[in-house]
Amino acid sequence: MLRVIKRNLDVYFMVIACLDFALVGACAKILSKELPSIEIMFFRNIIGVFFMLYIISKLKIHKEEGHFWLLVFRGIVGTLSLYLFFYNVSNISLGGAFVFQKTSPIFIILIAFFVFKENIGLKGIFAILIAFVGVLLVSQPWASTINHTGFDLKNSSLGVLSGFFAALALTSVRQLRKFYPTEKIAFSFILMGAIMPAISMLVGEFYAPKELDFIIAPFIMPSLKAWVFIIIMGVLGTIYQIHITKAYGVAKKAGIVAGVSYLDVVFSLIIGLFLGDDLPSFMVFMGIIGIIFGGLILVKRK
């Protein structure tokens, strides 16, 4: 067994990272019973800020830095994706929130096609169509409220937007890696992910309309139980960063590791059942398969 793991360390670290991330989502789900999603995201990131500061202090790599505003842009769109992801975690099934995040490869390919004029090929078009049909089956915009077996329009729309913002963030990284080490790019994202929700909560003390609860909410003092889960979430988030960095650091083929990353959907679906989520209907389950399958094809094509 150890021999197999040593030969496939990249896959091993990514599998563990997927479990870490699913458990972070589980902590957020538990905390959502008491705290708004914005506050959960704030605590998740503020703990990560201190971890990343320590990592950056140990850096010995020096790159010619530039494109500062692109770095800020990456932080903002990445944080917007997190706003919507944590809102989904709080309001729909855990697996459903993770599935919507996995729509990002669709948008990455579309951005590559329309913005960078890259050829996506027949396989790319086929994968996008499969994933798009998957999104329709999960969200079911045609179904009436009585017969709906997916998620409401608000959460479905925010979930897809989460994937879009994640795609913008990941696409910007391609350019930023020429100027900044990965650790500094990640730090810009985590720092913005702490600053923006802090501002949202400050605004929420004076103005917090229900229709904007995914981006504005007042601060609520956590209970002792909530503090325990906040600490656990922060520790798991830090461990996740370590494992995913190691996974890509030792990867022979990044495409394989990226494909394995879809396991977090499986883990989140299973953990969600233990937290009280309903089993997805057949139509929703087929939609999940479609999104994963389409995403895997796109990941394989880089």
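Right, let's walk through the structure included here. On a predicted model such as this, the values are computed, not experimentally measured, just so you know. (Residues numbered from 1 in each chain as written. Predicted model: local features only at pLDDT ≥ 70, side-chain atom pairs only at ≥ 80, totals over all residues. Heavy atoms only, no water.)

Relative to each other, helix H5 (residues 94-101) and helix H12 (residues 263-274) sit at 165°, their axes nearing to 7 Å. In terms of their interaxial angle, H5 and H12 are classed as roughly antiparallel. Every pair of crossing elements has a handedness; the one defined by H5 and H12 is right-handed. Residues Leu94, Gly95, Phe98 and Val99 of H5 form the contact with H12, whose participating residues are Asp264, Val265, Ser268, Leu269, Ile271 and Gly272. (Axes fitted to C-alpha atoms, helices over the stretch in contact; angles between N-to-C directions. Helix = DSSP H or I, 4+ residues; strand = E, 2+ residues; numbered from the N terminus. Parallel < 35°, antiparallel > 145°, perpendicular 65-115°, else oblique. Left-handed = near helix turned anticlockwise from the far one by under 90°. Contact = heavy atoms within 4.5 Å.)

Aromatic ring pairs are reported here in terms of the distance separating the ring centres and the angle at which the planes meet. Tallying each qualifying case throughout the model produces 14 aromatic pairs. Geometrically, the ring pair formed by Phe42 and Phe43 is edge-to-face, given 5.4 Å between the ring centres and 65° between the ring planes. Between Phe107 and Phe164 the ring centres are 5.4 Å apart and the planes differ by 80°, which places this aromatic pair in the edge-to-face class. One end of the pair, Phe107, is in helix H6 (residues 104-114); the other, Phe164, is in helix H8 (residues 153-176), and 57 residues separate them in sequence. (Phe/Tyr/Trp six-rings, centres within 6.5 Å; stacked < 30°, edge-to-face > 60°.)

So, on to the nonpolar core. Counting residues in each nonpolar core, the largest one holds 71 residues, and the members touching the most others are Met14, Phe85 and Met233. Sorting elements by how many residues they give to this core places helix H2 (residues 9-31) first, with 11 residues. Ile109, Ile128, Ala131 and Ile297 belong to the second largest nonpolar core, which has 8 residues in total. (Core = buried A, V, L, I, M, F, W, Y, C linked by side-chain atoms within 4.5 Å. Buried < 20%, exposed > 50% of the residue type's maximum accessible area, 1.4 Å probe, protein only.)

Looking at the secondary structure, you find Ile47 in helix H3 (residues 37-57). Each C-alpha atom, one on Ile47 and one on Gly234, is 5.7 Å from the other, the two residues being 187 residues apart in sequence.

Here the focus is the packing of helix H4 (residues 68-91) against helix H9 (residues 182-204). The contact between H4 and H9 brings their axes to 8 Å, and the two run at 55°. The angle between H4 and H9 places the two elements in the oblique class. When the axes of H4 and H9 are compared, the crossing they make is right-handed. On H9, the residues that touch Leu71, Val72, Arg74, Gly75, Ile76, Gly78, Thr79, Leu80, Leu82 and Tyr83 of H4 are Lys184, Ile185, Ser188, Phe189, Met192, Gly193, Met196, Pro197 and Ser200. Per-class residue counts for the contact of H4 with H9 are 11 nonpolar, 6 polar and 2 charged. (Nonpolar A, V, L, I, M, F, W, Y, C, P; charged D, E, K, R; others polar.)

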